[in-house]
Amino acid sequence: MTRNKNVKLLDENGRRSDGRLPDEMRPLKIEAGVLRNADGSAYVELGNNKVIAAVYGPREVTPRHEALSDRAILRCKYSMLPFSVAERKSPQPSRREIELSKVIREALTPAIFLNEYPRTTIDVFINILEADGGTRTASIIAAAVALADAGIAMRDLVAAIAVGKIGDILVLDINGLEDQHGDGDMPIAMMPKLGEVTLIQADGVFTPEEIERALSMVSKPIKRIYEEQVKALKSKYESIRQEVTESE
Ligand code: UDP
């Protein structure tokens, strides 16, 4: 990551390019059960990021030889739609999309009771409708809600947020501009109730002390994201309950 000193990421008052303070995250909106034809789904907006996740399964594995006798397999496919970024993205899966699919699958796996569903697959499809830095964290937030919406047995949800670096200052939830011109990006995913980290990546240079500070910096926002995830799931089931009672 090379810093372009001509791009001003922090002003004299310590405000960022979008007016946020270093420890402020972008507005978050989560909706559960947005797709009729998937077993579970969720829509997430994190700042300008717009992400949709759909879950199918547990269902029969094809090709069959991939099935595991003692647990389900989890498959994730992260795709950026061609219009999601400023420069049209080819619909062919890029190396980055393949990497992100793997990273997201690994961040979600510890939260799922895969051994409850032997010989099956749980498929998670994530589409980025609009991207502005932090699509992997928004994807993890959406996928966890979609998995819960599909009724899959889980130990916990998974919430995620990135910590970036501008000069020596750690900043929460970096946007696209900060990602492009900042000095570091550290996405962190956690099982919020269990307090366990399921993903930590780092692009740029972070000292051990900065890593510790980054982990404590995400503690509150992870709880906040978790509360929003639960609220989205509850509100979906509340609307179903209302429909049922009204039809009785
Ligand atoms: N991006 C882009 N074109 C691409 C890939 C990424 O414009 O082909 C932008 C997009 O805004 C993305 C950001 O670069 O959110 C940062 O990408 P990164 O690989 O760091 O992943 P993310 O932060 O989205 O998880």
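Keep in mind that what you see is a predicted model, and the values were worked out from it rather than measured. (Residues numbered from 1 in each chain as written. Predicted model: local features only at pLDDT ≥ 70, side-chain atom pairs only at ≥ 80, totals over all residues. Heavy atoms only, no water.)

Novice: Kindly report on the pairing of strand 8 (residues 184-191), identifying the contributing residues and their values.
Specialist: Moving residue by residue along a regular strand, the side chains alternate between the two faces of the sheet. For strand 8, a buried count of 8 out of 8 residues is recorded, marking the element as mostly surrounded by other parts of the structure. Of the two faces of strand 8, the one carrying G184, M186, I188 and M190 and the one carrying D185, P187, A189 and M191 are both buried. Pairing analysis gives 7 bridges linking strand 6 (residues 159-166) to strand 8, with the strands arranged antiparallel. Residue V163 lies in a different strand from strand 8, and its bridge partner there is M186. (Buried < 20%, exposed > 50% of the residue type's maximum accessible area, 1.4 Å probe, protein only. Helix = DSSP H or I, 4+ residues; strand = E, 2+ residues; numbered from the N terminus. Pairing = 2+ DSSP bridges.)

Novice: How would you sum up the side chain of R26? Please name residues and give values.
Specialist: By the element assignment, R26 lies in the segment before strand 1 (28-32). Relative accessible area serves as the criterion here: at 4%, R26 is assigned to the buried category. One polar contact links the side chain of R26 to the main-chain carbonyl oxygen of D132, over a distance of 2.9 Å. Sequence-distant contacts of R26, defined by excluding residues within four places in its chain, comprise D18, R20, L46, G47, N49, D132, G133, G134, D173, I174 and N175. (Polar contact = N/O pair within 3.5 Å; in protein donor to acceptor, adjacent residues only side chain to side chain. Contact = heavy atoms within 4.5 Å.)

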